[in-house]
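Observations on the three-dimensional arrangement
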Amino acid sequence: MVIVGSIMKRVVAVLLRLALLVLALVGLTYVSATFTVSLQYLTYILYGALLIISISFRKQKAVLLLSLFLALTLPLDFPVHGAELDPSIISSGVVILLAVNTLLLGLFEEGQIRLGAFLSLIMLTAVQALAVFSLAYHVGRGSIAIVDRVVSLEFVPFQLGALPQEVSFVLLICLAGSLLKELLVPTPFASLAVNLLLSLGVFHYLEASMGLSLHVLFLVWGLLTAFYVFQRIYQVSYVDSLTGIPSRRALHEEASALTGNYVVAMADIDFFKKFNDKYGHDVGDDVLAFVASTLNRHAHGSVFRYGGEEFVLLFRKTSLDETLKHLDELRQHVASSKFKIRRRTSTGKGGTSEVTITISIGVAEHSDRNTAFSEVLKAADKALYRAKKKGRNCVSK
């Protein structure tokens, strides 16, 4: 039921993003009627800035996407003198290249592509775009004729605007693949892929009736990619990659803006080193993620990974007495949630065993004695030490 609920939330999020894309495309089209040249330059400024940022932060997927965007947009805005490009070939080519390349990029993890392969993909992107524009050029001149299709796609129930059924079908398949990945294994790039393909579908569906502009579509691509790039940069800077919760840097950022009463708790996994030595570091990493997830689900405040097996919990506008009971409930949640270890038995078959994970918690509050956040944190660390001395699996102030 929990998995179904999560998928339904993601479906609702996709539908909301679809509505926002419709509003963005229609709204920017009305703006472009007055500022066409400005939007065109703004798009290239955005692409260029994102390309520099993506290269600096080694965001390979963003670099490949932006290279594809530029390969598709530059020949349209700066055509060869006297060249007549067939518009139907251009429309179909843009859809197929973006849909297929976006789907394939989703199969790779960020940073997995080696430099040689990465440069080859950049060249492949340029070759693909060159093939599309060469075909559009020769069809436009009449030196190549496009014959009627020989394969019937009567089973495709719709057609997106003026796009051929075959192209609409390719877009549908790629969108379905990207959407399935986002619903089952959500990642920032999966969301970007779905957004890009949705924008393509919306554009071609509304193009004739609303007079949508290609420059607006290209600008929307840039804005969607910008959101992805800065989201990835934020995650690297402020989110712990192992546990998925905010990191120590995020804690200090929030601490700098704290006002009024607040409570800081420091939690530590009991006997974590012995657990690591017995079961291995991979299982130890799973324990860290398990504790972080449990704390994040049940804590009324913010949870941060401080380092090693230590976590910091921050409760704003509350008192120490109000927080103590809640922290003890959190401690009990962790202890009662059995952690399963998968291992190989002597017969070679897989088996699981359950172990109990416990945490000790030290807590302190902002007061006249501890006015700075660093002082409150130090007091919580001392309280944690007292909890360890008392026998662990307890809360101390």
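Residues numbered from 1 in each chain as written. Predicted model: local features only at pLDDT ≥ 70, side-chain atom pairs only at ≥ 80, totals over all residues. Heavy atoms only, no water.

As for the overall build of the chain
- Per the secondary structure count, the chain includes 13 helices and seven strands.
- Here the chain has a C-alpha radius of gyration of 27 Å; the compact-globule value for 397 residues is 21 Å, and the former is much larger.
- Principal axes of the C-alpha set define a box for the chain whose edges measure 85 × 60 × 40 Å.
- Summarising the internal contacts of the chain: among those between residues at least 6 apart in sequence, 72% fall at separations of at least 24.
- Summing over all exposed atoms, the chain offers an accessible surface of approximately 21,600 Å²; the carbon and sulfur share of this is 62%.
- Each charge sign in the chain was given a centre, from 37 positive and 30 negative side chains, and these centres are 10 Å apart. (Helix = DSSP H or I, 4+ residues; strand = E, 2+ residues; numbered from the N terminus. Rg over C-alpha atoms; globule rule 2.2 N^0.38 Å. Contact = heavy atoms within 4.5 Å. Areas by Shrake-Rupley, 256 points an atom, 1.4 Å probe, with all protein chains shown as cover. Lys, Arg positive; Asp, Glu negative; His and termini not counted. Charge placed at Lys NZ, Arg CZ, Asp CG, Glu CD.)

Things to note about helix H4 (residues 87-105)
- The terminal C-alpha atoms of H4 lie 27 Å apart, and with 19 residues this matches the ideal 27 Å at 1.5 Å per residue to within 8%.
- Those residues of H4 not exposed but buried are Ile89, Ile90, Ser92, Gly93, Val94, Val95, Leu97, Leu98, Ala99, Asn101, Thr102 and Leu105.
- Packing partners of the buried residues in H4 comprise helix H3 (60-77), helix H5 (115-141), helix H6 (165-184), helix H7 (188-210) and helix H8 (214-238). (Expected span 1.5 Å × (residues − 1). Buried < 20%, exposed > 50% of the residue type's maximum accessible area, 1.4 Å probe, protein only.)

Re the sheet that holds strand S1 (residues 262-269)
- Read from one edge of the open sheet, five strands run S2-S3-S1-S6-S7, paired in mixed fashion. In the strand order of this sheet, the two ends are held by strand S2 (302-307) and strand S7 (395-396), each with one partner.
- In the sheet, S1 pairs with strand S6 (residues 359-365) via seven bridges, with the strands oriented antiparallel. Looking at S6, one finds that Asp268 is bridged to Ser360.
- Running at roughly 125° to S2, helix H9 (residues 248-255) makes contact with S2 and strand S3 (310-316) of the sheet.
- Against the sheet, helix H12 (residues 320-336) engages S1, S3, S6 and S7, with an angle of about 165° to S6. (Pairing = 2+ DSSP bridges. Axes fitted to C-alpha atoms, helices over the stretch in contact; angles between N-to-C directions.)

Side note on the nonpolar core
- Formed by 61 residues in total, the largest nonpolar core has its most connected members in Leu65, Phe69, Leu98, Leu196, Leu200 and Trp221.
- Elements represented by at least two residues in this core include exactly helix H1 (2-32), helix H2 (36-56), H3, H4, H5, H6, H7 and H8. (Core = buried A, V, L, I, M, F, W, Y, C linked by side-chain atoms within 4.5 Å.)

Some words on the packing of H7 against H8
- Between H7 and H8, whose axes approach to 10 Å, the crossing angle comes to 170°. As far as their axial angle goes, H8 and H7 are roughly antiparallel. Along the contact surface, H7 presents Pro188, Phe189, Leu192, Asn195, Leu196, Ser199, Leu200 and Phe203, while H8 presents Leu214, Leu217, Val220, Trp221, Leu224, Thr225, Tyr228, Gln231, Arg232 and Gln235.
- Counted by class, the contact of H7 with H8 contains twelve nonpolar, five polar and one charged residues. (Parallel < 35°, antiparallel > 145°, perpendicular 65-115°, else oblique. Nonpolar A, V, L, I, M, F, W, Y, C, P; charged D, E, K, R; others polar.)

Describing the packing of aromatic side chains
- Applying the stated rule across the entire model yields eleven aromatic pairs.
- Each ring, one from Tyr44 and one from Phe78, has its centre 6.0 Å from the other, and the planes form 45°; the classification is tilted. Highlighted residues: Tyr44 in helix H2 and Phe78 in the loop between H3 and H4, separated in sequence by 34 residues.
- Taken together, the aromatic side chains of Tyr44, Tyr47, Phe69, Phe78, Phe218 and Trp221 make up a single cluster linked through ring pairs.
- Positioned above the aromatic ring of Phe189 is the side chain of Lys61, whose terminal nitrogen or guanidinium carbon lies 4.4 Å from the ring centre.
- Positioned above the aromatic ring of Tyr306 is the side chain of Arg248, whose terminal nitrogen or guanidinium carbon lies 4.0 Å from the ring centre. (Phe/Tyr/Trp six-rings, centres within 6.5 Å; stacked < 30°, edge-to-face > 60°. Lys NZ or Arg CZ within 6 Å of the ring centre and 35° of its normal.)

Quick look at the pairing of S3
- For S3, a buried count of five out of seven residues is recorded, marking the element as mostly surrounded by other parts of the structure.
- Where S1 meets S3, seven bridges bridge the pair, whose relative direction is antiparallel. Paired with Ala267 across the strands is Phe311, a residue of S3.
- Bridging between S2 and S3 involves five bridges; their strand directions are antiparallel. The partner of Phe304 across the bridge, within S3, is Val312.
- Connecting S2 to the next strand, S3, in antiparallel fashion are two residues, including Gly308 with a positive phi near 60°.

Things to note about the environment of Glu110
- Its place among the elements puts Glu110 in the loop between H4 and H5.
- Separated by 13 residues in sequence, Glu110 and Leu97 have C-alpha atoms that sit 20 Å apart.
- If we skip the residues at most four places from it in the chain, Glu110 touches Arg58, Lys59, Gln60, Lys61, Tyr228 and Arg232.

Some remarks on a nonpolar patch on the surface
- On the surface, Ile96, Val100, Leu104, Leu107 and Phe108 cluster together into a nonpolar patch covering about 420 Å² of accessible area.
- Residue Leu104 is classed as partly exposed on the basis of its relative accessible area, which comes to 43%. (Patch = residues over 30% accessible without salt bridge, like charges linked within 9 Å, V, L, I, M, F, W, Y side chains within 5 Å. Salt bridge = Lys/Arg side-chain N within 4 Å of Asp/Glu carboxyl O.)

Things to note about the packing of helix H10 (residues 272-279) against helix H11 (residues 281-298)
- For the pair H10 and H11, interaxial distance at closest approach is 7 Å and the crossing angle is 135°. Taken together, the axes of H10 and H11 lie oblique to each other. For the pair H10 and H11, contact is made by Phe272, Phe275, Asn276 and Tyr279 and by His281, Val283, Gly284, Val287 and Leu288, respectively.
- Among the residues forming the contact of H10 with H11, the class breakdown is six nonpolar, three polar and no charged.

These values are about where atoms sit, not about what they do.
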